[in-house]
Amino acid sequence: MKRAVLVIDVQQGLCSGSGAAYDAAGVIARINLVTEKARAADVPVVFVQHESLDGYLEFGSPRWELAEGLIATRDDHRIRKTTSDSFLRTELDTTLKALAVSELVICGLHTEYCVDVTTRQALAHGYPVVLVADGHSPEGNPTLTPEQIIAHHNALLANVWSFGPRVHTVLSANLDFE
């Protein structure tokens, strides 16, 4: 199976300031490890960037840009989106088909929104998913800790079976592209 790494919404406005995702710097470091391994194995890397019309993540704004410290190269692909679903009204599926991708490695922000929805939609589009178990982070809520949200989604998504393709969770250090 040919893989691609999908990095969802790791943007400056979601990784800094009062709205920073839990352990943003650690997640960025682990995503950089994954994308470094992917590039070394000639696996495509796709960055998805959310944009909003309310100005917070407005296209081209400093908050919309990829997060400081996140390593991207000119050979990486970029997809813009306006919903939690990275497939909805975007060029993602077309790009993946053009690259002959048949499996996705998913990481990014926010666990309970865009990572969850995109993972489920990847399955619905027929892509098995490797979810980087320590490579996603929640926005958070007053009921569950960030650690609980991450653990919950790792277990929940790994148990979705109704689409056919499945989700497998792997820690960033254990992910192998060979």
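Note that the structure is predicted; figures quoted are calculated from it, not measured. Numbering of residues begins from 1 in every chain and follows the order in which that chain's sequence is written. Given that this is a predicted model, residues contribute local features only at a pLDDT of at least 70 and side-chain atom pairs are listed and counted only at 80 or more, while totals for whole chains, interfaces and linings are drawn from all residues. To get the side-chain values, take all heavy atoms of the structure and skip hydrogens and water.

A. Representation of the environment of Ala 25 in the model. By the element assignment, Ala 25 lies in helix 2 (residues 24-40). Residue exposure (1.4 Å probe, protein chains only): buried if accessible area is under 20% of the type maximum, exposed if over 50%, otherwise partly exposed. Take Ala 25: its relative accessible area is 62%, and that puts it in the exposed class. In sequence terms Ala 25 and Gly 69 are 44 residues apart; their C-alpha atoms lie 8.0 Å from each other. Only DSSP runs of H or I reaching four residues or more are called helices, and only runs of E reaching two or more are called strands; each is numbered from the N terminus.

B. Examining helix 4 (residues 111-124) more closely. In this analysis, the expected span of each helix is defined as 1.5 Å times one less than the number of residues it contains. Compared with the 20 Å implied by 1.5 Å per residue over 14 residues, the 18 Å span of helix 4 between its first and last C-alpha is a close match. Looking at helix 4, one finds that the buried residues are Thr 111, Glu 112, Cys 114, Val 115, Asp 116, Thr 118, Thr 119, Ala 122 and Leu 123. Two residues qualify as a contact provided that any one of their heavy atoms is within 4.5 Å of a heavy atom in the partner residue. Looking at the packing, one finds that the buried side of helix 4 touches strand 1 (3-8), strand 3 (77-81), strand 4 (103-109), strand 5 (129-137), helix 5 (146-158) and strand 6 (167-170). Following helix 4 by one or two positions, Gly 126 has its phi on the positive side, about 95 degrees.

C. Spatial organisation of the packing of aromatic side chains. Aromatic pairing here means that ring centres of Phe, Tyr or Trp (its six-membered ring) are within 6.5 Å. Orientation follows from the plane angle: under 30 degrees is stacked, over 60 is edge-to-face, and everything else is tilted. Scanning the entire structure with this criterion turns up two aromatic pairs. Ring plane angle 70 degrees and centroid distance 4.7 Å describe the contact between Phe 59 and Trp 64, whose orientation is recorded as edge-to-face. Note on Phe 59: relative accessible area 43%, which makes it partly exposed. A relative accessible area of 7% places Trp 64 in the buried class. Relative to Tyr 127, the ring of Phe 87 has its centre 6.1 Å away and its plane inclined at 25 degrees; by these criteria the two rings are stacked. Here Phe 87, found in the loop between strand 3 and helix 3 (92-98), pairs with Tyr 127, found in the loop between helix 4 and strand 5; they are 40 residues apart in sequence, far enough to count as distant. The exposure classification of Phe 87 matches that of Tyr 127, with both residues buried. The rule is short: NZ of Lys or CZ of Arg within 6 Å of the ring centre and within 35 degrees of the ring normal puts a charge over the ring. One cation-aromatic arrangement involves Arg 80 over Phe 59; the distance from NZ or CZ to the ring centre is 3.6 Å.

D. Representation of the pairing of strand 6 within the structure. Across four bridges, strand 5 lies against strand 6 in parallel orientation. Each bridged residue has a counterpart across the sheet, and for Val 129 the counterpart in strand 6 is Val 167. Crossovers are described as right-handed under a simple rule: with the strands pointing away from the observer, the path leading from the first strand over the helix to the second runs clockwise. Handedness of the strand 5-helix 5-strand 6 crossover: right-handed. Any two strands with at least two DSSP-identified bridges between them are counted as paired.

E. Broad picture of the pattern of salt bridges. By salt bridge we mean one thing: a side-chain nitrogen of Lys or Arg within 4 Å of a carboxyl oxygen of Asp or Glu. Under the defined criterion, the tally for this structure stands at eight salt bridges. The shortest N-O distance in the salt bridge between Glu 103 and Arg 3 comes to 2.8 Å. Separated by 100 residues along the polypeptide, Glu 103 in strand 4 and Arg 3 in strand 1 bring together distant segments of the chain. A salt bridge links Asp 134 to Arg 30; its shortest N-O distance comes to 3.8 Å. With Asp 134 in strand 5 and Arg 30 in helix 2, this residue pair connects regions lying 104 residues apart in the sequence. Several salt bridges converge on common partners, so that one network encompasses Asp 23, Arg 30 and Asp 134.

F. Molecular detail of the packing of helix 4 against helix 5. Between helix 4 and helix 5, the least distance of the axes is 11 Å, while the angle of their chain directions is 10 degrees. Judged by the angle between their axes, helix 4 and helix 5 are roughly parallel. Contact residues: helix 4 offers Thr 111, Glu 112, Asp 116, Thr 119 and Arg 120, while helix 5 offers Ile 149, Ile 150, His 153, Leu 156 and Leu 157. When its residues are assigned to classes, the contact of helix 4 with helix 5 shows four nonpolar, three polar and three charged. The axes used here are C-alpha line fits, helices contributing only the stretch in contact, and every angle between their N-to-C directions lies in the interval 0 to 180 degrees. Here is the rule for angles: anything less than 35 degrees is roughly parallel, anything more than 145 is roughly antiparallel, 65 through 115 is roughly perpendicular, and the remaining ranges are oblique. Here the nonpolar group is Ala, Val, Leu, Ile, Met, Phe, Trp, Tyr, Cys and Pro; Asp, Glu, Lys and Arg are the charged ones; every other residue, Gly included, is treated as polar.

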